[in-house]
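# Structure at a glance
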Amino acid sequence: MPTALVVGASRGLGLEFAQQYLADGWTVYATHRSEDHRIRLRDLGARTLELDVLDADDLAGLAWQLDGERLDVALVNAGAYGPRNSNPQQPPATGDFDLVMRTNVLGPMRLLPRLAPLLGPARGTLAFVSSRMGSISAAGASHGMLYRVSKAAENMVAKLAHVELA
């Protein structure tokens with residue numbers, strides 16, 4: 001039976017990915033940050049793991065809990081949008097910048113060395129959920145500047161992971 005890890009499975013796209021993998025008969029490890037989300041994921045049939053990608057102890061715990069597991073897919077979906085009104089004329093506050101960049105860029109960077117050994121034996125797939133808003137060439141608006149910049153940086157993390165791990 002194939003195995004998937006969905007990081008950021010509590011709601012939205014992450015929850016849908018977890019549900020789809022479960023429906024296809026996969027073993028699914030699903031990360032969450034709250035008890036109500038843990039219960040919902042558990043009731044769906046997922047193996048739940050508490051994880052806040054901003055917490056170094058949680059990241060170390062994730063690696064420990066998955067030690068020896070063989071992942072066919074690791075899907076990094078955890079993310080933050082931040083202020084919708086950030087643009088070149090109204091840059092984000094420092095706290096907003098720190099939250100979005102640490103969640104969308106530093107989190108994936110810190111996950112990479114923990115996930116690579118779990119994907120290697122299965123020649124598994126590492127996927128980062130990004131957004132068209134992270135495309136430099138397709139940028140046609142400046143709203144959500146902070147989110148756009150963070151997703152462009154996350155895309156670079158994904159590219160460099162591909163170069164290193166392929």
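Placed above this text is the structure.
Residues numbered from 1 in each chain as written. Predicted model: local features only at pLDDT ≥ 70, side-chain atom pairs only at ≥ 80, totals over all residues. Heavy atoms only, no water.

### Notes on the overall build of the protein
Helix and strand counts for the protein stand at five helices and five strands. Helices and strands in the protein line up, N terminus first, as β-α-β-α-β-α-β-α-β-α. Taking 2.2 N^0.38 as the reference for a compact globule, 166 residues should give roughly 15 Å; the C-alpha atoms of the protein span a radius of gyration of 16 Å, in line with that estimate. In the protein, which comprises 166 residues, the proportion classed as buried is 40%. For the protein, contacts bridging at least 24 residues in sequence account for 64% of all contacts bridging at least 6. Within the structure as shown, the protein displays about 9,000 Å² of accessible surface, and the carbon and sulfur contribution to it stands at 53%. Positive and negative side-chain charges of the protein, numbering 16 and 17 respectively, have mean locations separated by a distance of 6 Å. (Helix = DSSP H or I, 4+ residues; strand = E, 2+ residues; numbered from the N terminus. Rg over C-alpha atoms; globule rule 2.2 N^0.38 Å. Buried < 20%, exposed > 50% of the residue type's maximum accessible area, 1.4 Å probe, protein only. Contact = heavy atoms within 4.5 Å. Areas by Shrake-Rupley, 256 points an atom, 1.4 Å probe, with all protein chains shown as cover. Lys, Arg positive; Asp, Glu negative; His and termini not counted. Charge placed at Lys NZ, Arg CZ, Asp CG, Glu CD.)

### A closer look at the side chain of Thr103
Along the chain, the position of Thr103 falls in helix α4 (residues 94-119). Among the polar contacts listed, one links the side chain of Thr103 to the backbone oxygen of Leu99, at a separation of 2.7 Å. Residue contacts for Thr103: discarding those within four places in its chain leaves Val53, Leu54, Ala78, Gly79, Ala80 and Pro108. (Polar contact = N/O pair within 3.5 Å; in protein donor to acceptor, adjacent residues only side chain to side chain.)

### With respect to the nonpolar core
In this structure, Leu5, Val7, Leu51, Leu66, Leu111 and Leu115 are the most contacted members of the largest nonpolar core, which totals 26 residues. Elements represented by at least two residues in this core include exactly β1 (3-7), α3 (56-65), β4 (73-76), α4 and α5 (145-165). Among the nonpolar cores identified, the runner-up in size contains 15 residues, and Leu15, Leu22, Trp26 and Leu75 belong to it. (Core = buried A, V, L, I, M, F, W, Y, C linked by side-chain atoms within 4.5 Å.)

### Things to note about the sheet that holds β4
Spatially, five strands are ordered β3-β2-β1-β4-β5 in an open sheet, and the strand pairing comes out parallel. Lying at the two open borders of the sheet, with one neighbouring strand each, are β3 (47-50) and β5 (125-128). Pairwise comparison of adjacent strand axes, ignoring direction, gives a mean angle of 15° for this sheet. Of the strands in this sheet, β1, β2 (27-32) and β4 touch helix α1 (residues 12-23), which is tilted by about 170° from β1. (Pairing = 2+ DSSP bridges. Axes fitted to C-alpha atoms, helices over the stretch in contact; angles between N-to-C directions.)

### What to know about the pattern of salt bridges
Pairing of side chains with opposite charge becomes possible as their charged atoms draw close. Considering all chains together, one arrives at three salt bridges under this definition. Between Glu35 and Arg38 there is a salt bridge, and its shortest N-O distance comes to 2.6 Å. On the criterion of helical spacing, the pair formed by Glu35 and Arg38 is a turn pair, its members being three residues apart in helix α2 (residues 35-44). Classification of Arg38 as partly exposed rests on a relative accessible area of 23%. Residues Arg42 and Asp43 are paired through a salt bridge, measuring 2.8 Å at the closest nitrogen-oxygen approach. (Salt bridge = Lys/Arg side-chain N within 4 Å of Asp/Glu carboxyl O.)

### Let's talk about the packing of aromatic side chains
Each aromatic ring pair is specified by the distance between its two centres and by the angle formed by the two planes. Scanning the model with the defined rule gives two aromatic pairs in all. With centroids separated by 4.6 Å and ring planes inclined at 50°, the aromatic side chains of Tyr21 and Trp26 adopt a geometry described as tilted. Neither Tyr21 nor Trp26 differs from the other in exposure class; each is buried. A centroid spacing of 4.5 Å and a plane angle of 20° characterise the contact between Tyr81 and Tyr147, whose relative ring orientation is stacked. In this pair, Tyr81 is assigned in the loop between β4 and α4 and Tyr147 in helix α5, connecting sequence segments 66 residues apart. Lying across the ring of Tyr81, Arg84 places its NZ or CZ 4.1 Å from the centre. (Phe/Tyr/Trp six-rings, centres within 6.5 Å; stacked < 30°, edge-to-face > 60°. Lys NZ or Arg CZ within 6 Å of the ring centre and 35° of its normal.)

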